[in-house]
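In case you want the letters, here they are:
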Amino acid sequence: MTREEKSIVIEDLTAQLTDNSVVYLADISGLDAGTTSNLRRACFKANVKLAVVKNTLLAKAMDASDKEFGDLPSVLKGNTSIMFSEVGNAPAKVIKEFRKKNEKPLLKGAFVDEGIYVGDDYLDTLVNIKSKEEVIGDIVGLLQSPAKNVISALKSGGGKISGILKTLSEKEG
């Protein structure tokens, strides 16, 4: 690979790191062609982009990026694949599901919304991270719950003034 080609790869990786707030680093070494193809298919279905990268070029792209990757460059040894996603837990779910039948991929590290996770021990933690949509859904559910209780109590009280007053007084206490 020429110096120009390396420079282009670094620029491309830097742009991808800048554009994505979810970056996972994994080890998929030792997977045969069929298993690798199955992993790529699983990533595609989960809207996760998977690419094998050269450690030195990724390290330079991390340095050139405007993000702080903390200890993440320390895992750039051996075989490294990079996974990009818009959903924080999507790559972790793909890895966990895939490992039900395979020993790999192993999680080397992850950068999720400025949080840094180093090591395979964080896989379950990352699987349980909620997406923005899930958090918004939880908040909406919590906000709707009191309103549903009041409406249901009003209906059971027959909608009379005494029922409404009783319901409201119970909610205050």
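Rules used throughout
- Residues numbered from 1 in each chain as written.
- Predicted model: local features only at pLDDT ≥ 70, side-chain atom pairs only at ≥ 80, totals over all residues.
- Heavy atoms only, no water.
- Helix = DSSP H or I, 4+ residues; strand = E, 2+ residues; numbered from the N terminus.
- Polar contact = N/O pair within 3.5 Å; in protein donor to acceptor, adjacent residues only side chain to side chain.
- Contact = heavy atoms within 4.5 Å.
- Salt bridge = Lys/Arg side-chain N within 4 Å of Asp/Glu carboxyl O.
- Buried < 20%, exposed > 50% of the residue type's maximum accessible area, 1.4 Å probe, protein only.
- Pairing = 2+ DSSP bridges.
- Axes fitted to C-alpha atoms, helices over the stretch in contact; angles between N-to-C directions.
- Core = buried A, V, L, I, M, F, W, Y, C linked by side-chain atoms within 4.5 Å.
- Patch = residues over 30% accessible without salt bridge, like charges linked within 9 Å, V, L, I, M, F, W, Y side chains within 5 Å.
- Areas by Shrake-Rupley, 256 points an atom, 1.4 Å probe, with all protein chains shown as cover.
- Lys, Arg positive; Asp, Glu negative; His and termini not counted.
- Charge placed at Lys NZ, Arg CZ, Asp CG, Glu CD.
- Phe/Tyr/Trp six-rings, centres within 6.5 Å; stacked < 30°, edge-to-face > 60°.

1. Things to note about the side chain of Asn55
Examined against the element boundaries, Asn55 turns out to sit in helix α3 (residues 55-64). A distance of 3.5 Å separates a polar atom in the side chain of Asn55 from the backbone oxygen of Leu76. Contacts of Asn55, omitting those with residues within four sequence positions, involve Leu76, Lys77, Gly78 and Thr80.

2. Details of the pattern of salt bridges
This structure, assessed with the given rule, holds four salt bridges. Two residues, Asp124 and Lys96, come together in a salt bridge whose shortest N-O distance is 2.3 Å. Of the two residues, Asp124 is situated in helix α5 (residues 123-127) and Lys96 in helix α4 (residues 90-98); the sequence distance between them amounts to 28 residues. Using a relative accessible area of 35% as the deciding quantity, one classes Lys96 as partly exposed. For the salt bridge of Lys100 with Glu97, the shortest nitrogen-to-oxygen distance reads 3.0 Å.

3. Some words on the sheet that holds strand β5 (residues 115-118)
Ordered by their spatial adjacency, five strands build an open sheet running β2-β3-β1-β4-β5, and the pairing between neighbours is antiparallel. The sheet is open, and its two borders are formed by β2 (49-53) and β5, each paired with just one other strand. Taking each pair of neighbouring strands and ignoring which way they run, the sheet shows an average axis angle of 20°. Contacts from helix α1 (residues 3-19) reach β1 (22-27), β2 and β3 (80-84), with the element oriented near 45° to β3.

4. Let's talk about the nonpolar core
Generally speaking, nonpolar side chains in soluble globular proteins are found buried as a group. Counting residues in hydrophobic clusters, the biggest one holds 23 residues, and the most contacted among them are Tyr24, Leu39, Cys43, Met83, Ile95, Val112 and Leu126. Listing elements by their share of this core, those giving two or more residues are β1, α2 (33-45), α4, β4 (106-112) and α5. Top contributing element to this core by residue count: α4, with five residues. For Cys43, the contacting residues outside a window of four places in its chain are Val48, Leu50, Met83 and Val94. One finds Leu13, Leu25, Ala61 and Val75 within the second-largest nonpolar core, a separate group that totals 17 residues.

5. Looking at a positive patch on the surface
On the surface, Arg3, Lys6, Lys54 and Lys60 cluster together to form a positively charged patch. Summarising the element assignment, Lys54 is placed in the loop between β2 and α3.

6. Considerations on the packing of aromatic side chains
By the definition in use, this model includes two aromatic pairs. Between the aromatic rings of Phe69 and Phe111, the centroid separation amounts to 4.8 Å while the plane-to-plane angle is 55°, which identifies the pairing as tilted. Taken together, the positions of Phe69 in the loop between α3 and β3 and Phe111 in strand β4 put the pair 42 residues apart, joining distant regions of the chain. Exposure remark for Phe69: the relative accessible area of 4% places this residue in the buried category. Both rings, one in Tyr117 and one in Tyr122, keep their centres 5.6 Å apart while their planes meet at 65°; by these two values the pair is edge-to-face. Judged by relative accessible area, Tyr117 falls into the buried class, the value being 19%.

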